[in-house]
Amino acid sequence: MQFKSPRLILKEFQENDFHLLYSVMSDENIMKYAFLCQVSCEEELKPYFEEILKNNSTVDSRKAYEFAVYSSQDLNFIGVADIIMNYQNSIATSAEIGYFLLAPFWGKGFATEIANTLLEICFLNLKLHRVVASCNVRNKQSEKVMKKIGMIKEGEFREARYKNGQWDNELRYGILAKEWRKNNIFMS
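All figures in this text were calculated on a predicted structure; none of them were measured in a lab.

Conventions and cut-offs
Residues numbered from 1 in each chain as written. Predicted model: local features only at pLDDT ≥ 70, side-chain atom pairs only at ≥ 80, totals over all residues. Heavy atoms only, no water. Helix = DSSP H or I, 4+ residues; strand = E, 2+ residues; numbered from the N terminus. Buried < 20%, exposed > 50% of the residue type's maximum accessible area, 1.4 Å probe, protein only. Contact = heavy atoms within 4.5 Å. Areas by Shrake-Rupley, 256 points an atom, 1.4 Å probe, with all protein chains shown as cover. Pairing = 2+ DSSP bridges. Axes fitted to C-alpha atoms, helices over the stretch in contact; angles between N-to-C directions. Disulfide = S-S within 2.5 Å. Core = buried A, V, L, I, M, F, W, Y, C linked by side-chain atoms within 4.5 Å. Parallel < 35°, antiparallel > 145°, perpendicular 65-115°, else oblique. Left-handed = near helix turned anticlockwise from the far one by under 90°. Nonpolar A, V, L, I, M, F, W, Y, C, P; charged D, E, K, R; others polar. Polar contact = N/O pair within 3.5 Å; in protein donor to acceptor, adjacent residues only side chain to side chain. Phe/Tyr/Trp six-rings, centres within 6.5 Å; stacked < 30°, edge-to-face > 60°. Lys NZ or Arg CZ within 6 Å of the ring centre and 35° of its normal.

J.: It is not clear to me how the overall build of the chain should be interpreted in this structure. Could you clarify?
T.: From N to C terminus, the chain includes six helices and eight strands. Walking the chain from its N terminus toward its C terminus, one meets helices and strands in the order β-β-α-α-α-β-β-β-α-β-α-β-β-α. Each principal axis of the C-alpha atoms in the chain carries an extent, and together these give about 45 × 40 × 35 Å. The burial tally for the chain puts 47% of its 188 residues in the buried class. Counting only contacts in the chain whose residues sit at least 6 apart along the sequence, the fraction spanning at least 24 positions is 57%. With an accessible surface of roughly 10,500 Å², the chain has 50% of that area assigned to carbon and sulfur atoms.

What follows is the structure in structure tokens.
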């Protein structure tokens, strides 16, 4: 499965993409505010990657959609993105989106473009009702992206994230399909 935006290509991970995921998950700066911990060796990441590949081969009741993200201009790998499905009464009704970029691509609008593409996939392809995203309260850039894509702040969860010996609050933003359609009339 593959999706395109003006500057990006999102491709589901394939067996030979392990090194791409590892380049993100092992980077201390990228993982600084992430809910997940930085991995210190390839062996730590292999079970997670195997789960991604297994999930990518699933047709019904998928748990997630996980993508390697490339620049459409030169096909360079720039980061990862995912959609984690939430099921209610055996029907996928909502999801949480996430994204991580390699440092050279920070501050260039790629995170916003990835997030917008993920919303398009969620609402047009997966026909979801609601999409959320969350971030560490100290990750102001990620919060800025959630606002830019039309998400509304739904709450701040006190001391919801523990990492590197400290507790941090978590921000949660969300958007409903009808709100997204209203802001993206040309796409509906």
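J.: Please clarify how the sheet that holds strand 6 (residues 130-136) should be interpreted in this entry.
T.: Two modes of strand pairing occur in sheets, parallel and antiparallel, and in both the strands are linked by backbone hydrogen bonds. Pairing in this open sheet of eight strands is mixed, and the strands run 1-2-3-4-5-6-8-7 from one edge to the other. Across the chains shown, the open sheet's two edge strands, defined by having one partner strand only, are strand 1 (2-4) and strand 7 (152-163). Adjacent strand axes in the sheet meet at a mean angle of 25 degrees when their direction is disregarded. Of the strand pairs in this sheet, strand 1 and strand 2 (residues 8-12) are connected by three bridges, and their pairing is antiparallel. Within strand 2, the position partnered with Gln 2 by the bridge is Lys 11. Helix 3 (residues 42-56) rests against strand 2 and strand 3 (64-71) of the sheet, and its axis sits at about 100 degrees to strand 3.

J.: It is not clear to me how the state of the cysteines should be interpreted in this structure. Could you clarify?
T.: Should the sulfur atoms of two cysteines be covalently bonded, the bond is a disulfide. The final tally for this structure, using the stated rule, is zero disulfides. Cysteine Cys 122 shares no disulfide, and the gap to the nearest cysteine sulfur, in Cys 135, comes to 17 Å. Sulfur of Cys 135: no disulfide; nearest cysteine sulfur belongs to Cys 37 and is 17 Å away.

J.: Just to check I follow, could you spell out the nonpolar core for this structure?
T.: Nonpolar side chains tend toward joint burial in soluble globular proteins. Counting residues in each nonpolar core, the largest one holds 60 residues, and the members touching the most others are Ile 83, Ile 97, Tyr 99, Leu 118, Leu 119 and Met 151. When residues of this core are assigned to their parent elements, the largest contribution, nine residues, is made by helix 4 (residues 110-125). The residues touching Ile 83, leaving out its near neighbours within four places in the chain, are Lys 63, Ala 64, Tyr 65, Phe 67, Ala 95, Glu 96, Ile 97, Leu 118, Ile 121, Cys 122 and Leu 126.

J.: How should I be thinking about the packing of helix 1 (residues 18-25) against helix 3 in this particular structure?
T.: Helix packing for two helices is described by the angle between their axes and how far apart those axes are. In contact at an axis separation of 10 Å, helix 1 and helix 3 are set at 125 degrees when each is read in the N-to-C sense. Classed by the angle they form, the pair helix 1 and helix 3 counts as oblique. Of the two elements, helix 1 crosses helix 3, and the hand of that crossing is right-handed. Residues Phe 18, Leu 21, Tyr 22 and Met 25 of helix 1 touch helix 3, and the partners they reach there are Glu 42, Leu 45, Lys 46, Tyr 48, Phe 49 and Ile 52. Considering only residue class, the contact of helix 1 with helix 3 consists of eight nonpolar, no polar and two charged.

J.: Mind showing me how you'd approach the side chain of Ser 71 here?
T.: Mapped onto the elements, Ser 71 comes out in strand 3. Overall, Ser 71 belongs to the buried group, its relative accessible area being 8%. Side-chain polar atoms of Ser 71 contact the side chain of Asp 74, separated by 3.1 Å. If we ignore the near neighbours within four places in the chain, the residues touching Ser 71 are Arg 7, Leu 8, Asn 76 and Ile 78.

J.: Is there a simple way to explain the packing of aromatic side chains in this structure?
T.: We describe a pair of aromatic rings using the distance from one ring centre to the other and the angle between the two ring planes. Per the counting criterion, the structure on display carries eight aromatic pairs. Ring geometry for Phe 105 and Phe 110: centres 5.9 Å apart, planes at 75 degrees, overall edge-to-face. Both residues of the pair, Phe 105 and Phe 110, belong to the buried class. Taken together, the ring pairs in this structure connect Phe 13, Phe 18, Tyr 22 and Phe 49 into an aromatic cluster. A cation over an aromatic ring shows up here: Arg 7 above the ring of Phe 110, its NZ or CZ 4.0 Å from the ring centre. Positioned over the ring face of Tyr 70 is Lys 11, at 5.2 Å from the centre of the ring.

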